[in-house]
Amino acid sequence: MSKTINEVIKPILKKISLEALNKAENSIKNEIEEKIEHLEFYEKLKFVSSKYNQIKKLIDDSDHPNYARSVDTEDWLLYQFSSRLVLYGEKEYNGLQEALYLGYYKLKLGKIEFRIKRQMPSYSFNDFKDGNIDKHFDLDLHLFNMEEEDKDEINAWQTDSLINIVSYELELLMVNFEKHCSEVDNRIEFINREIAILEKDLNPTISSGKEIKGVLSQLSLFNNIKLDSFNDEHLLLNYPIFFDKKLNYSKLSPSNIGEVLKKIAKDPKVLCSNEFTVFYTLKAFLKQLNILVNEEPEPTNGGIPYSIPFNLIKDYLDEVETKCESLKDQIHDYVYNSQVARNDIETNLKERFEKYITQYYDMKNKEVFSLLVEDKRDFLISDLKINILLNSKIKKYLKNFKKAYILKNTSLVIINVYNDYFKTRSIYSIDSPATYLQVTSLVNKLIIDKEIDYVINVFMHRFLGEFSNYCLPLDFFFYTHYKMITRLFNMGINLFSDVMEDAKHDNKSHYLHSRLKDLKYYMFKLKNEMDENCDYKEEAEKYPKLFLELLSIEVDFIQNTSHLKPLHIPSNSIIPLLGENEDYNFENFVNKNTQDYILRLLEDLCITVGGKNTLSERKKGAIRGVVDALLHEKVIPSLESLTLHQIIGDKIDLKIKSKLDVSNISTDFKKKTLEYIKNTPL
């Protein structure tokens, strides 16, 4: 054979892809374009966006998400399909066209959605302030065609308005509540009763505005307030606010809360909230009640009881900035000290920086980083105010904020000092992003399964989101690239080794020689493009060389053993020897005693209940783990992997179309099964 596997399979894949593309184009025409042709703008976008999310979920849940996501990168798709087809066999055709169809469908639907959004009329802060808000605002669609300055002004109006409303009402409520407490016999018991109404009676299962009013009427703060003024439908619509951790900005508009602001401006000394703000005030009120009952009063403001301590924000920020300045001075004093060796400085700065990177990835709430930029200072202060009002875990929030503030500012100091001292542009190789793309390409030439595809997809989404929103130093992402490269390459090698064990001899040889040719050609181009003095030459060549060595090991083994006779393995009397052409099923592939043992094992590992499968689509890999462990302990005969997976799957009503790949789930269940066999032997 003088052609590589890519060259042989390319026309086959092209034909299948063309059929999938034509099918997708026809579906788009019939299911989308014809249906939205006469719809008004908002309905068009709502329809297309909903369909796009449906297709995206179908791809995520499919057997071949990697094929669907690669329809717009022909080389990636060809490498992946040719590798899997040659090594897995003809079953790889199963679901291919459907995956490509979904991929093309999503691609074309995304273009339609983008085109519709581009037609959206521009929207400004003046439009917002004048009340020119329609249903587009509820979906944040107006943000698509809006200047950054207008976005900031709208956000500032929303946040400041909510702070004004909640802080005014909270101080009023707490003064009145304290008076009420002075009139009851048992203060703590009374406060606990109010808390119970808010935490237990006001629960997420309530399904009507009337029922919400019934619970609110039990609170002392509504004794002199007519709840009939609240609209039942609007009250129920805004009810989730009470449980959500984030603000619902889409509802904070002049048309919804403008009248509340006008009432408060007159200082009426009564509750002014409507359906759109009352649940924010109740959240703040509940927080204060818990502080009272736990005897942890907030710091007072000028001696006035229950006044919100906003004046402490400046002191808090000054304290954090002082800490940053102190750390900066420490770093400067160490680095620019002539007594410290150059190597020690480099080691010290990298260790400090990597400590901050570790802290960053250990942080659960990273959104605060989006506020830690110079032109967002006002938003930062507003965020602190909102959390002081509404966040029941304010101490945890402030601790997280302080860590983020120091982390970002001090890591920038480290980078600037490092680059100044060593005359570099980055602590890590400036070509790390290119190396990441190189390694993902190499892993693609190895073989990709659903788990590797998931890792690549999640990482890229996270990287793009954090890079654009958090304004962190580039070196953070260079270091992350390095870690991800190592993980991806190791995952690829592990899967490659596993697949090669089951592949047919001739197919294995064709695959190896094809990939060796591709890789040698790639390295020739790489060497030709790089200058001998290139800063990242060693790094750029590292992974291609490792891949080349891996392929060479496999080729050498095949060549060195091709003249040997087939290996004779003595039979094990415990395992029945089955004829090659026998139609296997659960009742004939092992004896009755072993069948009962396997069924009992599946029950004890909670894979089945009453003999029926309990596994979700994502957890099918558990069967792979069980089979691998049973094979390892010689409980079942060594048949083709897919056959064994389907034998057990059929027995427990679990449909398995193709061989289950190695995954975290399969590895976990293999360990559990081995432990089970050890403790409960056959």
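Residues numbered from 1 in each chain as written. Predicted model: local features only at pLDDT ≥ 70, side-chain atom pairs only at ≥ 80, totals over all residues. Heavy atoms only, no water.

*Asks:* With reference to specific residues and values, describe the overall build of the chain.
*Replies:* Helix and strand content of the chain: 26 helices and 2 strands. Every one of the 682 residues in the chain was classed for burial, and the buried ones make up 46%. Relative to all contacts within the chain whose residues are 6 or more apart in sequence, the contacts with residues 24 or more apart total 76%. Accessible surface, the chain: about 37,200 Å² in total, of which carbon and sulfur atoms supply 50%. (Helix = DSSP H or I, 4+ residues; strand = E, 2+ residues; numbered from the N terminus. Buried < 20%, exposed > 50% of the residue type's maximum accessible area, 1.4 Å probe, protein only. Contact = heavy atoms within 4.5 Å. Areas by Shrake-Rupley, 256 points an atom, 1.4 Å probe, with all protein chains shown as cover.)

*Asks:* So, the nonpolar core: which residues are in play, and what are the values?
*Replies:* Across soluble globular proteins, nonpolar side chains have a tendency to be buried as a group. Formed by 169 residues in total, the largest nonpolar core has its most connected members in Leu100, Phe222, Leu282, Phe369 and Tyr511. Dropping the residues within four chain positions of it, phenylalanine 369 is found in contact with Tyr360, Met363, Ala404, Leu407, Lys408, Tyr470 and Leu472. (Core = buried A, V, L, I, M, F, W, Y, C linked by side-chain atoms within 4.5 Å.)

*Asks:* Break down helix H9 (residues 187–201) for me, citing the residues and quoting the values.
*Replies:* For the α-helix, the turn length of 3.6 residues means that residues three or four positions removed from each other point alike. With 15 residues, H9 ought to run about 21 Å at 1.5 Å a step, and its terminal C-alpha atoms sit 20 Å apart, in line with that. For H9, the full list of buried residues reads Phe190, Ile191, Glu194, Ile195, Ile197 and Leu198. (Expected span 1.5 Å × (residues − 1).)

*Asks:* Tell me what's going on with the side chain of threonine 608, and back it up with residues and numbers.
*Replies:* With respect to the element layout, threonine 608 can be found in strand E1 (residues 608–609). On the accessibility criterion, threonine 608 (2% relative accessible area) is buried. Within the local environment of threonine 608, its side chain forms a polar contact with the side chain of glutamate 603, the two groups lying 3.0 Å apart. When residues no more than four places from it in sequence are discounted, the contact partners of threonine 608 are Leu599, Leu602, Glu603, Asn613, Thr614 and Ile652. (Polar contact = N/O pair within 3.5 Å; in protein donor to acceptor, adjacent residues only side chain to side chain.)

*Asks:* Please provide a residue-by-residue account of the packing of helix H1 (residues 5–36) against helix H5 (residues 96–118), values included.
*Replies:* Closest axis-to-axis distance for the H1/H5 pair is 8 Å, and the angle between their directions is 40 degrees. Looking at the two axes, H1 sits oblique to H5. Here the hand of the crossing between H1 and H5 comes out right-handed. Of the residues in the contact of H1 with H5, the class split is 16 nonpolar, 3 polar and 7 charged. (Axes fitted to C-alpha atoms, helices over the stretch in contact; angles between N-to-C directions. Parallel < 35°, antiparallel > 145°, perpendicular 65-115°, else oblique. Left-handed = near helix turned anticlockwise from the far one by under 90°. Nonpolar A, V, L, I, M, F, W, Y, C, P; charged D, E, K, R; others polar.)

*Asks:* Tell me about the packing of aromatic side chains, and name the residues and values.
*Replies:* Going through the model one piece at a time under the given rule, you end up with 20 aromatic pairs. Here phenylalanine 125 and phenylalanine 128 contribute two aromatic rings whose centre-to-centre distance is 6.3 Å and whose plane-to-plane angle is 25 degrees, an arrangement assigned as stacked. Residue phenylalanine 125 and its partner phenylalanine 128 are both found in helix H6 (residues 125–129); the two are separated by 3 residues, about one turn of the helix. Residue classification places phenylalanine 125 among the buried positions, given a relative accessible area of 11%. One aromatic cluster is present, formed by Tyr239, Phe242, Phe243 and Phe279 through successive ring pairs. Its guanidinium or amino end placed over the ring of tyrosine 101, lysine 23 lies 4.5 Å from that ring's centre, counting from NZ or CZ. Of note, lysine 672 hangs over the ring of phenylalanine 669, and the distance from its end group to the ring centre comes to 4.7 Å. (Phe/Tyr/Trp six-rings, centres within 6.5 Å; stacked < 30°, edge-to-face > 60°. Lys NZ or Arg CZ within 6 Å of the ring centre and 35° of its normal.)

*Asks:* I'd like to hear about unusual backbone geometry, residue by residue, with values.
*Replies:* With a phi close to 55 degrees, lysine 423 is a non-glycine residue in the positive phi region. Position of lysine 423 relative to the elements: it lies in the loop between helix H17 (394–422) and helix H18 (432–446). What makes lysine 423 exposed here is its relative accessible area of 69%. The phi torsion at lysine 634 lies on the positive side, around 60 degrees, for a residue other than glycine. In this fold, lysine 634 is placed in the loop between helix H24 (621–632) and helix H25 (641–651).

*Asks:* Describe in detail the pattern of salt bridges, supporting the description with residues and values.
*Replies:* Tallying each qualifying case throughout the model produces 23 salt bridges. One salt-bridge network, held together by shared partners, links Lys56, Asp60 and Arg69. (Salt bridge = Lys/Arg side-chain N within 4 Å of Asp/Glu carboxyl O.)

*Asks:* Lay out the side chain of lysine 366 with the relevant residues and their values.
*Replies:* Mapping lysine 366 onto the fold places it in the loop between helix H15 (342–362) and helix H16 (377–390). Ignoring anything within four residues of it in the chain, the contact list for lysine 366 reads Tyr360, Tyr361, Glu466 and Tyr470.

*Asks:* Please give an account of helix H2 (residues 41–61) that cites residues and values.
*Replies:* For H2, spanning 21 residues, the distance from its first C-alpha to its last is 31 Å, which sits close to the expected 30 Å at 1.5 Å a residue. Every buried residue of H2 is accounted for by Phe41, Tyr42, Leu45, Val48, Ser49, Tyr52, Ile55 and Ile59. The buried side chains of H2 occupy one side of the element, clustering within an arc of 160 degrees when seen end-on. (Arc of directions from axis to C-beta.)

*Asks:* Before we move on, could you go through the environment of aspartate 628 and cite the residues and values that matter?
*Replies:* Relative to the helices and strands, aspartate 628 resides in helix H24. Exposure remark for aspartate 628: the relative accessible area of 18% places this residue in the buried category. Taking the C-alpha atoms as reference points, aspartate 628 and lysine 670, separated by 42 residues in sequence, lie 6.5 Å from one another.

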